[in-house]
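# A closer look at the structure
Listed below are the residues making up each chain.
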Amino acid sequence: MRLLNSVVSRAASVVLGKDQKEQATLLTAFLQAVNQYPGGINGLLEAFKQGGLGAVVQSWMSQGENLPIAPAQLQQVLGHNMVDDLVSKTGLNQDSVLNHLSSLLPVVVDKIFSQNNNTVNDSGQVDMSQVMSTVFAMLTKK
């Protein structure tokens, strides 16, 4: 994973602006956290559903417009441990992590579930390189 982080950081420093660099760095750390989450991406999405955000998550997983999520809602579902871990791994402050995730997460989930390929394995682990290349391409278009 360190090699992947290094490649993303170098690529981001060349072609992205400050916010985009932060998002690329956060995306790497977040996908790592998702893959360590019990049940992977499916377990995390279940936590959102249990937190009363089922309609929001469903909009991300289906065609059509993605419903927004507020940073406070993310904090509530992700919990302090995961957010603090992301802060530690990225060097961003908590507000930046939550603000960036509130815009990134709908896109990431949408990309994961809209692709007709093996982006998620049977244990819910996300193929980080595939998702990151898709989202990274989107970030460079902004």
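See the structure shown above.
Figured I'd write up the structure that's included with this text. Model, not experiment: these values are computed from the prediction.

## Observations regarding the overall build of the chain
The number of helices and strands found in the chain is 6 helices and 0 strands. The N-to-C order of helical and strand elements in the chain reads α-α-α-α-α-α. Sorting the 142 residues of the chain into buried and exposed places 44% on the buried side. Here the analysis covers contacts within the chain between residues at least 6 apart in sequence; of these, 63% occur between residues at least 24 apart. Accessible surface, the chain as shown: approximately 7400 Å² in total, 49% of it carbon and sulfur.

## Notes on helix 4 (residues 71-90)
Counted at 1.5 Å a residue, the expected span for helix 4 with its 20 residues is 28 Å, but the 17 Å between its end C-alpha atoms falls short. Its axis deflected by about 105° at glycine 79, helix 4 carries its strongest bend there. Along helix 4, the residues classified as buried are Leu74, Gln75, Val77, Leu78, Gly79, Met82, Val83, Leu86 and Thr90. Positive phi shows up at glycine 91, right after helix 4, with a value of about 80°.

## Some thoughts on the packing of aromatic side chains
Aromatic rings considered in pairs are described by the distance between their centres and by the relative angle of their planes. If you walk through the whole model with that rule in mind, you get 1 aromatic pair. Ring centres of phenylalanine 48 and tryptophan 60 lie 5.9 Å apart, and the angle between their planes is 70°; on these two criteria the pair is classed as edge-to-face. Here the two residues phenylalanine 48 and tryptophan 60 agree in accessibility, since each one is buried.

## Some points on the pattern of salt bridges
If you walk through the whole model with that rule in mind, you get 1 salt bridge. Between aspartate 85 and lysine 89 there is a salt bridge whose closest N-O contact spans 3.2 Å. Here the residue aspartate 85 and the residue lysine 89 both occupy positions in helix 4, the gap between them amounting to 4 residues, near one helical turn. Residue lysine 89 is classed as partly exposed on the basis of its relative accessible area, which comes to 40%.

## As for the packing of helix 3 (residues 40-61) against helix 5 (residues 94-114)
At a minimum axis distance of 12 Å, the contact between helix 3 and helix 5 shows a crossing angle of 95°. By the angle between their axes, helix 3 is roughly perpendicular relative to helix 5. Counting all contacts with helix 3, which are made through Ile41, Asn42, Leu45, Phe48, Trp60 and Met61, the residues of helix 5 involved are Leu105, Pro106, Val109, Asp110, Ile112 and Phe113. Of the residues assigned to the contact of helix 3 with helix 5, the class counts are 10 nonpolar, 1 polar and 1 charged.

Definitions and cut-offs
- Residues numbered from 1 in each chain as written.
- Predicted model: local features only at pLDDT ≥ 70, side-chain atom pairs only at ≥ 80, totals over all residues.
- Heavy atoms only, no water.
- Helix = DSSP H or I, 4+ residues; strand = E, 2+ residues; numbered from the N terminus.
- Buried < 20%, exposed > 50% of the residue type's maximum accessible area, 1.4 Å probe, protein only.
- Contact = heavy atoms within 4.5 Å.
- Areas by Shrake-Rupley, 256 points an atom, 1.4 Å probe, with all protein chains shown as cover.
- Expected span 1.5 Å × (residues − 1).
- Bend = angle between axes of the 7 residues up to and from the residue.
- Phe/Tyr/Trp six-rings, centres within 6.5 Å; stacked < 30°, edge-to-face > 60°.
- Salt bridge = Lys/Arg side-chain N within 4 Å of Asp/Glu carboxyl O.
- Axes fitted to C-alpha atoms, helices over the stretch in contact; angles between N-to-C directions.
- Parallel < 35°, antiparallel > 145°, perpendicular 65-115°, else oblique.
- Nonpolar A, V, L, I, M, F, W, Y, C, P; charged D, E, K, R; others polar.

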